[in-house]
Amino acid sequence: MAGDKIKMAETINEVKFSDAAMAEIQRYISHYPEGRHKSALLPILHIAQAEFGGWVSPEVMDKVAEILNIKPIEVYEVATFYTMFNLKPVGKHVLEVCRTGPCCLRGADQMIDMIKQKLNIEEGETTADGMFTLKPVECLASCGSGPMLQVRELYYENIDSEEKLDAFLEMMRNKEHETPTWKK
Amino acid sequence: MGLKILTEHINVPGIETLEVYRKHGGYKSVEKALKTMSPDEVVEEVKTSGLRGRGGAGFPTGMKWSFLAKPEGVPRYLVCNADESEPGTFKDRWFMEKNPHALVEGMITSSYALGANTSYIYIRGELLFVLRILEKAIAEAYAAGLLGKNILGSGYDLDLHVAPGGGAYICGEETALLESLEGKRGNPRNKPPFPAVKGLFQCPTVVNNVETIASVPWIVNNTGAEYAKVGVGRSTGTKLISASGNINNPGVFEIELGVPVEEFIYSDQYCGGIWNGKQLKAVVPGGSSVPILPANLILKTAAGEDRLMTYESLSDGGFVSGSMLGSGAFIVFDEDQCIVRNTWNYARFYHHESCGQCSPCREGTGWMEKVLHRIEYGHGHQQDIDLLVSVAKQIEGNTICPLGDAAAWPVASAVRHFRDEFEWHIKHPKEATAPGAVYRGQLDAVTA
């Protein structure tokens, strides 16, 4: 047991934001009045997710709590409420496909089925090679250009045929993530 | 195509830059308001304009502004609601992406009117790419002396920041938005106190939609009286309509309020008619939470008058035969769409998005989703239809925030207008669950 504890402590120490990320975090904190720095929690969780492989681990959340000088539970309760924060490891590309009514009128259900079939995964699962995670989401405010999906910060719209889906998946297999603007 | 108050220059190349935006008259309202008008005079113009909240509720903006408490020595805040999440709505995202300075200008002029020295744009977390566009525009405005200390030498100070959400429909509700902006879960607050008295950081706050705020510069430049001349009756001005579904030209259209619904659907200027030469089956005219109407009732009121794109005309007949303009999200269904499946889809959405604070919403949305799922998949019972109506009724009006109503209305209206389609699913599960099967009885009745 003692060994476990020591190992955990080491893991926490490993969570280290880059200088660029810390600068971005400080910029967000500066947007709020004295004593209201907790307001920066959501922006910081976005930065954390981009910084640590597309998800936020308990250790990362603890680090965020430490930075904001708030209790870890205040971070957990927020991270678990908002659906954009992934609480488990995800694939390189998380396919956030809109599954809401207006996109379905234009074929979103069929697109989701095709993705499942082509990647051989169910909703919430990751491909064996770690390339893709399928995560159907609710309305992304792109109803005129559905079926559509989001990967990290970018939207991919009007994917309304098998050919377009194939081309999209092929493109993603060879694609690295965009560098967040605050790292440029 | 009518007057363009919001989108006249939206397709000008480079309009997202300060230089091009100013070349086309940008930031004139800031100069006019800060140098020649008192804050109260700006509020009066907005009152005179008859501008109503463009997020969905349609509450008069000038009146909302005049409720703002102004205790001595307490900061006041203006918060822009850019959480656009109502299914069918994508006008704000499109507008901010293309013309970010128009929102920044509206924020400066409106913040001045309200006496706010710090303002926030709360944008849904999925739109981080739009947040970057806004932040770039804001940085340009700071550099040009349009934000910060002593704006244009007027003595007025304003800081403007953008804050992202994290993926929660409920944060479009203004008190949930404020909670989220404070770094908490998006649980709506009990009212009173209203945000106008105790809002962000317990200070007096006004929360306005993107389109509402972006309309203010034109009103300041041209007067509220001129704005009130556009539109019909109490539906003044122009409105951005997000048109989606089975139409030839999906997209965002700025219309003068009062365009006939039939023209909006079939004119090539707007939706361009139903795709693939199909027939119109139904329309949800104001975002997923407003009642769905069958083709006959969306084109004409129960009294046989042409339905117009106005707050009043779309709600003519109440919930018996009318709907709402809402956020202006116009979702069109062709003859091959299944109302039961769509209603289940919406119910799943509201169940997913319920914050869980109020039992009628937390339990009721899940219950409706379950019942609709079994009808859609061929396991429905005859009594399920009345059960849906009963659950919807028990949610409506019994929750802290309007999400409960928003979840109940689509279900209640679908059953009201398409009851025979639900019955067909229950009586003929095999036929109804066959691939591509659609109930056509209603449509035949309409076209006969």
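Along each chain, residue indices are assigned from 1 in the same order as the chain's sequence is written. Here every chain gets a letter starting at A, and every ligand a number starting at 1, in the order they are written. In keeping with the predicted nature of the model, local features appear solely for residues at pLDDT of at least 70, side-chain atom pairs appear and are counted solely at 80 or more, and the whole-chain, interface and lining totals rest on all residues.

- Looking up chain B in an unreviewed UniProt entry gives the name NADH-quinone oxidoreductase subunit F, with the organism given as Pontibacter cellulosilyticus.

**Notes on the overall build of chain B**
So, point 1. Secondary structure elements follow DSSP: runs of H or I no shorter than four residues count as helices, runs of E no shorter than two count as strands, and numbering proceeds from the N terminus. A count of helical and extended segments in chain B gives 20 helices and 11 strands.
So, point 2. The atom set for the radius of gyration is the C-alpha atoms, and the globule formula is 2.2 Å times the number of residues raised to the power 0.38. Scaling as 2.2 N^0.38, a compact globule of 448 residues should have a C-alpha radius of gyration of about 22 Å, and chain B matches this with 22 Å.
So, point 3. The principal-axis extent of the C-alpha atoms belonging to chain B is close to 75 × 45 × 35 Å.
So, point 4. Taking all 448 residues of chain B together, 57% fall into the buried category.
So, point 5. Throughout, a pair of residues is in contact if the C-beta atoms placed from their backbones lie within 7 Å. For chain B, long-range pairs separated by at least 24 residues make up 71% of all intrachain contacts whose partners lie at least 6 apart in sequence. Whether a residue is buried, exposed or partly exposed is read from the other C-beta atoms within 10 Å of its own C-beta, which are placed from the backbone; 20 or more gives buried, 12 or fewer gives exposed, and intermediate counts give partly exposed.

**Things to note about unusual backbone geometry**
Residue and element names in this part refer to chain B.
So, point 1. For the bond from Lys191 to Pro192, the omega torsion is -5 degrees, close enough to zero to count as cis.
So, point 2. Within the secondary structure, Pro192 is located in the loop between helix 8 (174-181) and strand 4 (205-209).
So, point 3. With omega at 0 degrees, the peptide bond leading from Pro192 into Pro193 counts as cis.
So, point 4. Within the secondary structure layout, Pro193 lies in the loop between helix 8 and strand 4.
So, point 5. Not every positive phi belongs to a glycine, and Asn276 is a case in point at roughly 55 degrees.
So, point 6. Note on placement: Asn276 falls in the loop between helix 11 (261-266) and strand 9 (280-284).

**What to know about the domain arrangement of chain B**
Residue and element names in this part refer to chain B.
So, point 1. Split into domains, chain B comes out as domain 1 (18-229), domain 2 (232-334) and domain 3 (339-442).
So, point 2. As used throughout, domain bounds are those supplied by an automatic or database domain assignment. For domain 2 versus domain 3, the separation of C-alpha centres amounts to 23 Å.
So, point 3. Taken residue by residue, the interface counts 9 residues in domain 2 and 10 residues in domain 3.
So, point 4. Classes in brief: Ala, Val, Leu, Ile, Met, Phe, Trp, Tyr, Cys and Pro nonpolar; Asp, Glu, Lys and Arg charged; the others, Gly included, polar. In terms of residue class, the side of domain 2 that touches domain 3 is made up of 7 nonpolar, 2 polar and no charged.

**Here's the deal with the interface of chain A and chain B**
So, point 1. Of the residues lining the interface, 35 residues belong to chain A; the matching set on chain B comes to 45 residues.
So, point 2. When residues of the side of chain A that touches chain B are traced back to their parent elements, those giving at least two are helix 3 (41-51), helix 5 (72-79) and helix 6 (101-105) of chain A.
So, point 3. For the side of chain A that touches chain B, the leading source of residues is helix 3 of chain A, giving 5 residues.

**Side note on the nonpolar core**
So, point 1. We define the nonpolar core as any set of buried residues of the types Ala, Val, Leu, Ile, Met, Phe, Trp, Tyr and Cys, connected via C-beta atoms lying within 7 Å of each other. Ranked by size, the top nonpolar core spans 181 residues in total, and within it B:Val79, B:Tyr122 and B:Val332 carry the most contacts.
So, point 2. The dominant element in this core, judged by the number of residues it contributes, is helix 18 (residues 403-427) of chain B, at 11 residues.

**Quick notes on the packing of helix 16 (residues 359-376) of chain B against helix 17 (residues 384-395) of chain B**
Residue and element names in this part refer to chain B.
So, point 1. Between helix 16 and helix 17, the least distance of the axes is 10 Å, while the angle of their chain directions is 160 degrees. Regarding the angle of helix 16 to helix 17, the classification is roughly antiparallel. Helix-helix and strand crossings are classified by hand; for helix 16 and helix 17 the assignment is left-handed. Where helix 16 approaches helix 17, its residues Pro360, Cys361, Gly364, Trp367, Met368, Val371 and Ile375 are matched on the opposing element by Asp384, Leu387, Leu388, Val391, Ala392, Gln394 and Ile395.
So, point 2. Grouping the amino acids of the contact of helix 16 with helix 17 by side-chain chemistry returns 11 nonpolar, 2 polar and 1 charged. Think of each axis as a best-fit line through the C-alpha atoms, taken over the contacting stretch in the case of a helix, with angles from 0 to 180 degrees between the N-to-C directions. Orientation labels follow simple angle bins: below 35 degrees gives roughly parallel, above 145 gives roughly antiparallel, 65 to 115 gives roughly perpendicular, and whatever is left gives oblique. Definitions for this section: a left-handed crossing has its near helix turned counterclockwise from the far helix by less than a right angle. A right-handed crossing has that turn clockwise.

**Describing helix 8 (residues 162-173) of chain A**
So, point 1. A helix is expected to span 1.5 Å multiplied by its residue count minus one. Between the first and last C-alpha of helix 8 of chain A there are 17 Å, a value that for 12 residues agrees with the 16 Å anticipated at 1.5 Å per step.
So, point 2. Of all 12 residues that make up helix 8 of chain A, 0 are buried, and the element is exposed over most of its length.

**Here's the deal with the sheet that holds strand 4 of chain B**
All names here are of chain B.
So, point 1. Reading across from one edge, 3-2-1-4 is the order of the 4 strands in this open sheet, with parallel pairing throughout. The two strands at the open ends of the sheet, each matched to only one other strand, are strand 3 (159-164) and strand 4. Pairwise comparison of adjacent strand axes, ignoring direction, gives a mean angle of 20 degrees for this sheet.
So, point 2. Across 6 bridges, strand 1 (residues 77-82) lies against strand 2 (residues 118-123) in parallel orientation. Looking at the pairing, Val79 lines up with Tyr120 of strand 2.
So, point 3. On the sheet, helix 8 packs against strand 1, strand 2, strand 3 and strand 4 and is oriented at approximately 105 degrees with respect to strand 1. A pair of strands is treated as paired once DSSP finds two or more bridges between them.

**Digging into the packing of helix 17 of chain B against helix 18 of chain B**
Relative placement of two packed helices is described by the angle separating their axes and the distance separating the axes.
Residue and element names in this part refer to chain B.
So, point 1. Running from amino to carboxyl end, helix 17 crosses helix 18 at an angle of 170 degrees, the nearest separation of the two axes being 9 Å. Here helix 17 lies roughly antiparallel to helix 18, going by the angle between them. Taken together, the residues of helix 18 that come into contact with helix 17 (itself represented by Asp384, Ile385, Leu388, Val389, Ala392 and Ile395) are Gly404, Ala407, Ala408, Val411, Ala412, Val415, Arg419, Phe422, Glu423 and Ile426.
So, point 2. A breakdown of the residues in the contact of helix 17 with helix 18 according to their chemical character gives 12 nonpolar, 1 polar and 3 charged.

**Here we look at the confidence of the model for chain B**
So, point 1. Note: pLDDT gives the predictor's confidence per residue, expressed from 0 to 100. Overall, the prediction assigns chain B a mean pLDDT of 96, with 98% of residues at 70 or greater.
So, point 2. At the level of chain-chain contacts, confidence expressed as ipTM amounts to 0.94, with global pTM at 0.95.

**With respect to the pairing of strand 4 of chain B**
Residue and element names in this part refer to chain B.
So, point 1. Among the 5 residues in strand 4, 5 count as buried, and that is most of the element.
So, point 2. Side chains Thr205, Val207 and Asn209 of strand 4 all project onto a buried face; the interleaved residues Val206 and Asn208 project onto the opposite face, where all are buried too.
So, point 3. For strand 1 and strand 4, the ladder comprises 5 bridges, and the chain directions are parallel. The partner of Leu78 across the bridge, within strand 4, is Val206.

**A word on the sheet that holds strand 10 (residues 293-294) of chain B**
All names here are of chain B.
So, point 1. A sheet is described by the order of its strands in space; here 5 strands give the open sequence 8-7-11-9-10, paired in mixed fashion. The sheet terminates laterally at strand 8 (251-256) and strand 10, the two strands that pair on one side only.
So, point 2. Note that strand 7 (residues 238-245) and strand 8 share 6 bridges and pair antiparallel. Bridged to Lys239 within strand 8 is Ile255.

**Notes on helix 15 (residues 339-353) of chain B**
So, point 1. For helix 15 of chain B, spanning 15 residues, the distance from its first C-alpha to its last is 21 Å, which sits close to the expected 21 Å at 1.5 Å a residue.
So, point 2. Taking burial as the measure, the 15 residues of helix 15 of chain B include 13 buried ones, the bulk of the element.

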